[in-house]
Amino acid sequence: MANVSTCLWFGKDAEAAVRLYVSLVPDSRIDHIQRAPGPWPGGEAGEPILIVFTLGGQSFQALNGGSPADYGTAASISVTCRDQAEVDRLWSALTAGGGAEIACGWLRDRWGVPWQIVPEILPRLLADPDPNVASRVFTAMQDMVKLDVAALERAAREGATA
């Protein structure tokens, strides 16, 4: 059976990125660090060249490619968070040290990797059987950078009658 894994490209600091990632997301670990057997265009013998890791139970690889990658926004790492505290914790850690906020729960970490930090309530509210609730939540989300659980819940209740 084939083993599928997402490979993230880094300039030279894949190990630092992976160590941060696995420290932040439960059910994560470094599975293997492949060190270069000799000098290579991006570094010296003994330096990490490929790191195999598990992030939230999913298989990933991190490759030191010698020069940083431009990730664009066509793909991202999406993390579903149980509450605002988890959203805030991940948001702060991933934007620290040169990361950047984007919009609607998206950010880039300091290596340029795009992430979506999404509270678990958002997809439930967007799938509400009342299209007015879903619409209000969707509109509120579009005005946010970091997603705000309380504001999303307020938007869902906004048109409710007492």
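Residues numbered from 1 in each chain as written. Predicted model: local features only at pLDDT ≥ 70, side-chain atom pairs only at ≥ 80, totals over all residues. Heavy atoms only, no water.

As for the pattern of salt bridges
Argument step 1. Counted by the stated rule, this structure contains seven salt bridges.
Argument step 2. Salt-bridge contacts for K146 lead to D88; the nearest nitrogen and oxygen are separated by 2.9 Å. You can see K146 sitting in the loop between α4 (131-142) and α5 (149-157) and its partner D88 sitting in helix α2 (residues 84-95), a full 58 residues away along the chain.
Argument step 3. On the basis of relative accessibility, which here comes to 26%, the residue D88 falls in the partly exposed class.
Argument step 4. Overlapping salt bridges bring together R82, D83, E86 and R89 as one network. (Salt bridge = Lys/Arg side-chain N within 4 Å of Asp/Glu carboxyl O. Helix = DSSP H or I, 4+ residues; strand = E, 2+ residues; numbered from the N terminus. Buried < 20%, exposed > 50% of the residue type's maximum accessible area, 1.4 Å probe, protein only.)

Structural notes on the packing of helix α1 (residues 14-24) against α2
Argument step 1. Between α1 and α2, whose axes approach to 11 Å, the crossing angle comes to 170°. It follows that α1 is roughly antiparallel to α2 by the angle criterion. Across the interface between the two elements, L20, Y21 and L24 from α1 touch R89, L90, A93 and L94 from α2.
Argument step 2. When grouped by side-chain class, the residues that make up the contact of α1 with α2 number six nonpolar, no polar and one charged. (Axes fitted to C-alpha atoms, helices over the stretch in contact; angles between N-to-C directions. Parallel < 35°, antiparallel > 145°, perpendicular 65-115°, else oblique. Contact = heavy atoms within 4.5 Å. Nonpolar A, V, L, I, M, F, W, Y, C, P; charged D, E, K, R; others polar.)

Notes on the nonpolar core
Argument step 1. Among the nonpolar cores identified, the biggest contains 27 residues, and F10, Y21, F53, L94, W115 and I117 are the most heavily contacted of them.
Argument step 2. Listed by contribution, the elements that provide at least two residues to this core are β1 (6-10), α1, β3 (48-55), β4 (58-64), β5 (77-81), α2 and β8 (114-119).
Argument step 3. Counting residues per element, this core draws most heavily on α1, at seven residues.
Argument step 4. By size, the runner-up hydrophobic cluster in this structure holds 15 residues, among which are L122, V133, A140 and A151. (Core = buried A, V, L, I, M, F, W, Y, C linked by side-chain atoms within 4.5 Å.)

Remarks on the sheet that holds β4
Argument step 1. Strands sit in the order β1-β4-β3-β2 across an open sheet of four strands; the sheet is mixed. Each edge of the open sheet is held by one strand with a lone partner, namely β1 and β2 (29-35). Direction aside, neighbouring strands of the sheet carry axes that sit 20° apart on average.
Argument step 2. α1 rests against β1, β2, β3 and β4 of the sheet, and its axis sits at about 10° to β3. (Pairing = 2+ DSSP bridges.)

Describing the pairing of β4
Argument step 1. By the bridge criterion, five bridges tie β1 to β4 in an arrangement that is parallel. Each bridged residue has a counterpart across the sheet, and for T6 the counterpart in β4 is F60.
Argument step 2. The pairing of β3 with β4 spans six bridges and is antiparallel. Across the sheet, the residue bridging to L55 is Q58, located in β4.
Argument step 3. Hairpin connection between β3 and β4: a loop of two residues separates the two successive antiparallel strands, and G56 in this loop has a positive phi of roughly 60°.

Brief notes about the UniProt feature "domain: PhnB-like" (unreviewed entry) in the protein chain
Argument step 1. Sites flagged by UniProt as "domain: PhnB-like" (unreviewed entry) map to residues 3-118.
Argument step 2. In the segment residues 3-118, helix accounts for 20% and strand for 36%; the C-alpha atoms at its two ends are 27 Å apart. (UniProt positions renumbered as here; feature names shortened; annotations may be inferred.)

Digging into the environment of D128
Argument step 1. Structurally, the position occupied by D128 is in the loop between α3 (121-126) and α4.
Argument step 2. Remark: the alpha-carbon pair of D128 and T95, spanning 33 residues in sequence, is separated by 31 Å.
Argument step 3. Other than its neighbours up to four places away in sequence, D128 contacts V133 and A134.
Argument step 4. From its side chain, D128 meets the backbone nitrogen of D130 in a polar contact 2.8 Å long. (Polar contact = N/O pair within 3.5 Å; in protein donor to acceptor, adjacent residues only side chain to side chain.)

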